[in-house]
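Report on the structure
Residues per chain are reported as follows:
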Amino acid sequence: MSDEFKSFRCQSGFSSPPCYAAEVAPDYFDPLAVDPEQARDVARWRKAERTRLRDARLTLSVAERKEIGEALAGHLRQVLKDRFGGARGMIFSAYWPIKGEPDLRPLMADLHKAGVTVALPLVETRAAPLTFRRWTPETRMVRGDWNIPVPPPDAPVVTPDIALAPLVGWTADGYRLGYGGGYFDRTLAALNPKPFVIGIGIKAAQLATIYPQPHDIPLDIILTENGLRR
């Protein structure tokens, strides 16, 4: 092996893309996922990036998080107005914020008052698509998977027309780095018709690529505190 080739090897010990390929061709990936070694490297790389990005997000102050959440809510209101006439009469899936995610709960309450049906996703069956149950400001939440507050079992099940996807990381071509459980991609693949999906993240979490694999589904648009990014 030449010294020149060795210089492209990743210092962490990975021997196949995305390690040194990120230096040669940042958007390289095996589109048919026929390279199991590459798939393992992608999984390791994504796990490390999730940790790095979550840790960075948690260092934001309370004031910074509040400012980001308010900016995102404003951009989201404008998107709903421009693309869906405010979304009155539609089903809008939001999320309950965890691990420093932007807090859009005030917007959820405002949308409910404006005649939008608001829902929250929850895991009811492991390794299966998410279930969406209706939420209102009066909903008495219960503890769901990963101890996340969710609507109770008697809340109506609905199918969203518009769905928010919280982002750990994101790319300019619309791909999402999530928490690694695969639930969101599995859900999008199962829903027919597929909802209009809006990624919600922070500007600092942008990545050059996530090395998309066949199961990754790009989002329709991405919003950060700086506005529309895709």
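We now turn to the structure provided with this report. (Residues numbered from 1 in each chain as written. Predicted model: local features only at pLDDT ≥ 70, side-chain atom pairs only at ≥ 80, totals over all residues. Heavy atoms only, no water.)

**Some remarks on the overall build of the chain**
Applicable threshold: Numbering of helices and strands runs from the N terminus; a helix is a DSSP stretch of H or I covering at least four residues, while a strand is a stretch of E covering at least two. Only protein chains enter the accessibility calculation, which uses a 1.4 Å probe; a residue is then buried when its area is under 20% of its type maximum, exposed when over 50%, and partly exposed in between. By definition, residues are in contact when any of their heavy atoms lie within 4.5 Å. Using a 1.4 Å probe, the Shrake-Rupley method yields the accessible areas, and only the shown protein chains count as cover for residues.
Of the regular secondary structure elements, the chain holds 6 helices and 11 strands. Put simply, the chain has 230 residues, and 46% of those count as buried. In the chain, the share of contacts with a sequence separation of at least 24, taken over all contacts with a separation of at least 6, comes to 67%. Of the roughly 11900 Å² of accessible surface on the chain, a fraction of 53% belongs to carbon and sulfur atoms.

**So, the packing of helix 4 (residues 62-84) against helix 5 (residues 105-113)**
Note the following rule: For every element, the axis is a line fit to its C-alpha atoms; helices are fit only across the contacting stretch, and the angle between N-to-C directions ranges from 0 to 180 degrees. An angle counts as roughly parallel when it lies under 35 degrees, as roughly antiparallel when it exceeds 145, as roughly perpendicular when it falls between 65 and 115, and as oblique in every other case. Handedness of a crossing is defined here by the sense of rotation of the near helix relative to the far one, left-handed for an anticlockwise turn of less than a right angle and right-handed for a clockwise turn. Any residue that is not Ala, Val, Leu, Ile, Met, Phe, Trp, Tyr, Cys, Pro, Asp, Glu, Lys or Arg is counted as polar, Gly included; the first ten are nonpolar and the last four charged.
Following both chains from N to C, one finds helix 4 and helix 5 inclined at 30°, their axes separated by 10 Å at the closest point. Put simply, helix 4 runs roughly parallel to helix 5. Between helix 4 and helix 5 lies a crossing whose hand is right-handed. Facing Ala73, Leu76, Arg77 and Leu80 of helix 4, the residues of helix 5 in contact are Leu107, Asp110 and Leu111. Here the residues of the contact of helix 4 with helix 5 are counted per class, giving 5 nonpolar, no polar and 2 charged.

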